[in-house]
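# Fold and contact review
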Amino acid sequence: MKSARRSMIKTAARLIEATSLVVCGLLIAATMIIGTLDVVLGLGFNHYIAGKVELSEVMIAAATFLALPGVTWHATHIRVDIVSQNFRGWFRVFGDVVVTVVALATCAFFSYTSWLAFESSWAKTETAQGLLPVPVYPVKFAAFAAFAICGLIAIVQFLRLVVKHRSHKNIV
């Protein structure tokens, strides 16, 4: 029963990660295509794409937030571990717990504030300033979703620490 539940959670996590990374990749590709088309059209025909800056800004911001859960899940973010790499035993566990709790609190705070920003943007149908009125609320929702997913990942990481600690009486 537990293994089936774990398998289902892992499958859901992989699906969420894969979907967010595919959308992230598509947004980056679209940004590159718009940039290339703008240069070709500008140099070749003296006609530039209206709103290219706004579109690029929105797509890069959304791509950044969509990549965040995958980076957090695999712990592939930049980590400076100069001092704590030498910790052992309870001190190491305590340090890992503190880092995980701080990550969870940070994700909770950012998901809450990004949700408020999304609600505000949605209510007034906020758009980017410039030639092309690109809606901003999808990016704010992507930020909320990314931080919420990262918060869930932090909870999973915390639970892993607790389970690992309980299953290994002698932590080295």
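Residues numbered from 1 in each chain as written. Predicted model: local features only at pLDDT ≥ 70, side-chain atom pairs only at ≥ 80, totals over all residues. Heavy atoms only, no water.

On to unusual backbone geometry. If you check the backbone angles, N46 has positive phi at about 55 degrees while not being a glycine. For N46, the location among the structural elements is in the loop between helix 1 (2-45) and helix 2 (52-73). On the accessibility criterion, N46 (62% relative accessible area) is exposed. We note that T125 has phi near 40 degrees; this positive angle belongs to a residue other than glycine. Positionally, T125 belongs in the loop between helix 3 (89-123) and helix 4 (137-167). (Helix = DSSP H or I, 4+ residues; strand = E, 2+ residues; numbered from the N terminus. Buried < 20%, exposed > 50% of the residue type's maximum accessible area, 1.4 Å probe, protein only.)

Together, K2, R5, R6, K10, R14 and R160 line one region of the surface with positive charge. Take the positive patch: its biggest share by element is five residues, from helix 1. Note that R160 resides in helix 4. Exposure remark for R160: the relative accessible area of 44% places this residue in the partly exposed category. (Patch = residues over 30% accessible without salt bridge, like charges linked within 9 Å, V, L, I, M, F, W, Y side chains within 5 Å. Areas by Shrake-Rupley, 256 points an atom, 1.4 Å probe, with all protein chains shown as cover. Salt bridge = Lys/Arg side-chain N within 4 Å of Asp/Glu carboxyl O. Lys, Arg positive; Asp, Glu negative; His and termini not counted. Charge placed at Lys NZ, Arg CZ, Asp CG, Glu CD.)

Position of S20 among the secondary structure elements: in helix 1. Relative accessible area serves as the criterion here: at 10%, S20 is assigned to the buried category. A polar atom in the side chain of S20 sits 3.3 Å from the backbone oxygen of L66. (Polar contact = N/O pair within 3.5 Å; in protein donor to acceptor, adjacent residues only side chain to side chain.)

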